[in-house]
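Listed here are the chains, written in short residue letters.
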Amino acid sequence: IMAVTLTSTGITFSDGSTQNSAATGGVYGAQTFNTSGTWSHAGSGSPSNVVVSLVGGGGGATNRTSNYSNNAFAKGGIGGFAVNAPVATSGNKTVTVGAQGNNSYSAANAGGASNFGGSVQANGGGGGSYHYESENWVNTAGSSGNVTGGSLAAQGSNNAPKGRGGNTYGSDGLPGAVVVVW
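All of the points below concern the structure found in this document. (Residues numbered from 1 in each chain as written. Predicted model: local features only at pLDDT ≥ 70, side-chain atom pairs only at ≥ 80, totals over all residues. Heavy atoms only, no water.)

## Some remarks on the packing of aromatic side chains
Inspection of the entire model under this criterion finds three aromatic pairs. Between Trp39 and Trp182 the ring centres are 5.5 Å apart and the planes differ by 70°, which places this aromatic pair in the edge-to-face class. With a gap of 143 residues between them, Trp39 in strand β5 (residues 37–39) and Trp182 in the segment after β15 (177–181) connect regions that are remote in the sequence. Judged by its relative accessible area of 18%, Trp182 is buried. Through successive ring pairs, a cluster of aromatic residues spans Trp39, Phe116 and Trp182. (Phe/Tyr/Trp six-rings, centres within 6.5 Å; stacked < 30°, edge-to-face > 60°. Helix = DSSP H or I, 4+ residues; strand = E, 2+ residues; numbered from the N terminus. Buried < 20%, exposed > 50% of the residue type's maximum accessible area, 1.4 Å probe, protein only.)

See the structure below:
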């Protein structure tokens, strides 16, 4: 059996080695932002690196159908989505959470961008549109949002609880979110 002794400054192991500071690695904390705000970790002991996952807001759908497209409506695009993007940080960071794109008769709104401190951003999905093209009125689905600054980006999902585009007639997209882990 290895004897471990607690001292006033740390731990002494049976082989005589000591540990006088906290172990490094592992997760120390996590914070989810469903609304914009500030990640507050300035000062002594603040982490120098974090991992950020974020999704932009989903675009809205149209609420007008087209006689030329079998009465189909235009779905909103999916918000861009970054997973576990490493970000070097010092001090407090502004966090922006992308708003949902609202539905519209002919040109639905795009979703808003989600951003962590200007380092990584997931852009919102495009809004669906009903427009005149090649002598016909057509519905065009919104484009998917992209990611800037994130080295590990992935496409979002229209089944996700955040950032989903409006996927039923006249529906709004869903707002984005930001998760910070340190």
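Now that the structure is up, let's keep going.
## Structural notes on the side chain of Ser171
Relative to the assigned elements, Ser171 resides in the loop between β14 (153–154) and β15. One polar contact links the side chain of Ser171 to the main-chain carbonyl oxygen of Thr168, over a distance of 2.8 Å. In contact with Ser171, not counting residues within four places along its chain, are Gly60, Ala61, Asn103 and Gly166. (Polar contact = N/O pair within 3.5 Å; in protein donor to acceptor, adjacent residues only side chain to side chain. Contact = heavy atoms within 4.5 Å.)

## Brief notes about the sheet that holds strand β8 (residues 93–96)
Pairing in this open sheet of five strands is antiparallel, and the strands run β5-β8-β9-β10-β13 from one edge to the other. Since the sheet does not close on itself, it has two edges, and those belong to β5 and β13 (147–148), each with one partner. Here strand β9 (residues 114–116) runs beside strand β10 (residues 120–122); their pairing, made up of three bridges, is antiparallel. In the sheet register, Ser114 faces β10, and the bridge partner there is Ala122. (Pairing = 2+ DSSP bridges.)

Take it as geometry only, folks, not as evidence of what the structure does.
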